[in-house]
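Structural characterization, general
What follows is the residue order along each chain.
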Amino acid sequence: EVKREATWALANAAAAAGTAPDVAAGLARSGAIPALVSLVDRPDADLTAVCLSALGALLRAGAVEAGFGGQNRYAVAVDEAGGVDKLEALQSHPNHAVYERAVSLLETYFGAAEDEDEAALAMGAEQSGQSPGGVGGGFGGPAGA
């Protein structure tokens, strides 16, 4: 029960991170990201959803901080804490809300959809004897041109 209440308090603080970058930075410095990542695979779906929402708030704050094309330091921290693997595992979670949040975080902050598209493109090209970039030459031109 204490862990549940502490998680809710952390999630509420993370929700403020979207409007106060100093809150996000303080939470990150205090170890909130690894703590939240460690809780996303607990059996309590409600607690998992709260942790995912909190991570989402921190990741949004990191994206704003990074600007266009910059590196989201909170996404790096989630990845270093094993969060990407846990988010991928949550794609098979029986709770639809947990599944949706995990997929959304993966697609938004970790390029999961692009990675899958690139892998499918590469697989299709290998099966047809073409390079992933186009017919034969990799840049859309003929091989050897």
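As shown above, the structure is provided for reference.
Reading the values: rules and limits
Residues numbered from 1 in each chain as written. Predicted model: local features only at pLDDT ≥ 70, side-chain atom pairs only at ≥ 80, totals over all residues. Heavy atoms only, no water. Salt bridge = Lys/Arg side-chain N within 4 Å of Asp/Glu carboxyl O. Buried < 20%, exposed > 50% of the residue type's maximum accessible area, 1.4 Å probe, protein only. Helix = DSSP H or I, 4+ residues; strand = E, 2+ residues; numbered from the N terminus. Arc of directions from axis to C-beta. Contact = heavy atoms within 4.5 Å.

Some points on the pattern of salt bridges
This structure, assessed with the given rule, holds four salt bridges. For the salt bridge of Arg42 with Asp41, the shortest nitrogen-to-oxygen distance reads 3.9 Å. Here Arg73 makes a salt bridge to Glu65, at a shortest N to O gap of 2.7 Å. The class of Glu65 is partly exposed, set by a relative accessible area of 40%. Sharing partners across several salt bridges, the network here consists of Asp41, Arg42 and Lys86.

Topic: helix H3 (residues 32–39)
Turning to H3, its buried residues are Ala32, Ile33, Leu36, Val37 and Leu39. Down the axis of H3, the buried set is contained in an arc of 165°. They therefore lie on one face. For H3, the elements touching its buried residues are helix H1 (2–15), helix H2 (21–29), helix H4 (45–66), helix H5 (73–80) and helix H6 (83–89).

From the geometry alone we can't say anything about function, so treat these as descriptive.
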